[in-house]
Amino acid sequence: MNTDQLAQLGLLANEPDRLSVTDLHDQSERTLVYGYTPERDSFHMYLLGGQIHLHIYSHAKVSLFHEAAPKWNPEFLRPNKRAYPQFTDFEFAVLMKRLDWALEFANFEEPNRPGPFYGLVLR
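Since we're looking at a predicted model, the values are computed, not measured.

**Q** Please provide a residue-by-residue account of the nonpolar core, values included.
**A** Membership of the largest hydrophobic core comes to 21 residues, with the highest contact counts inside it found for Leu-19, Leu-32, Val-33, Met-45, Ile-52, Leu-77 and Phe-92. Within the residue set of this core, elements represented by two or more residues are β2 (30–36), β3 (42–48), β4 (51–57) and α2 (90–98). Excluding its chain neighbours within four sequence positions, the residues that come into contact with Leu-77 are Leu-19, Val-33, Phe-43, Met-45, Ile-52, Trp-72, Phe-92, Met-96 and Leu-103.

And the structure:
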């Protein structure tokens, strides 16, 4: 490396690790993580149409936020309170842990209905 290259290196911004749809081996459409926020709103992250969707909605099922993208910064891919382990995809949880963004889980309870989606889905 020369001095110009060293200067260029110093100007580069750190980019956060990203989790991409292509990082998931299983490409089936499904819930990746379902949980809740400190305000007790529902947090639903799911794979649909080749995009990772984040949908946050109230108990009254009023949509508060929805966005879909093929890549996400991992800090946005987990509920900022708790995830329900019975409604969380194992492969997704492993990827998040490897990115050093392990999910915080509520107590495990047996699911009372089958998936592949456990929360409200917007297309």
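Now, onward.
**Q** For the packing of aromatic side chains, give the residues involved together with the corresponding values.
**A** Scanning all chains against the criterion turns up 6 aromatic pairs. Ring geometry for Tyr-36 versus Tyr-84: centroids 5.5 Å apart, planes at 45°, classification tilted. Note that Tyr-36 is positioned in strand β2 and Tyr-84 in the loop between β7 (82–83) and α2, a separation of 48 residues in sequence. Both rings, one in Tyr-84 and one in Phe-87, keep their centres 6.2 Å apart while their planes meet at 75°; by these two values the pair is edge-to-face. Classification of Tyr-84 by relative accessible area gives partly exposed; the value is 24%.

**Q** Can you tell me about the sheet that holds β3, naming the residues and giving the values?
**A** The strands making up a sheet associate through hydrogen bonds between their backbones, and the pairing can be parallel or antiparallel. Strand order in the open sheet formed by 5 strands is β5-β4-β3-β2-β7, and the pairing between neighbours is antiparallel. Each edge of the open sheet is held by one strand with a lone partner, namely β5 (63–69) and β7. In terms of strand pairing, β2 meets β7 through 2 bridges, oriented antiparallel. Bridging across to β7, Gly-35 finds its partner in Ala-83.

Rules used throughout
Residues numbered from 1 in each chain as written. Predicted model: local features only at pLDDT ≥ 70, side-chain atom pairs only at ≥ 80, totals over all residues. Heavy atoms only, no water. Core = buried A, V, L, I, M, F, W, Y, C linked by side-chain atoms within 4.5 Å. Buried < 20%, exposed > 50% of the residue type's maximum accessible area, 1.4 Å probe, protein only. Helix = DSSP H or I, 4+ residues; strand = E, 2+ residues; numbered from the N terminus. Contact = heavy atoms within 4.5 Å. Phe/Tyr/Trp six-rings, centres within 6.5 Å; stacked < 30°, edge-to-face > 60°. Pairing = 2+ DSSP bridges.

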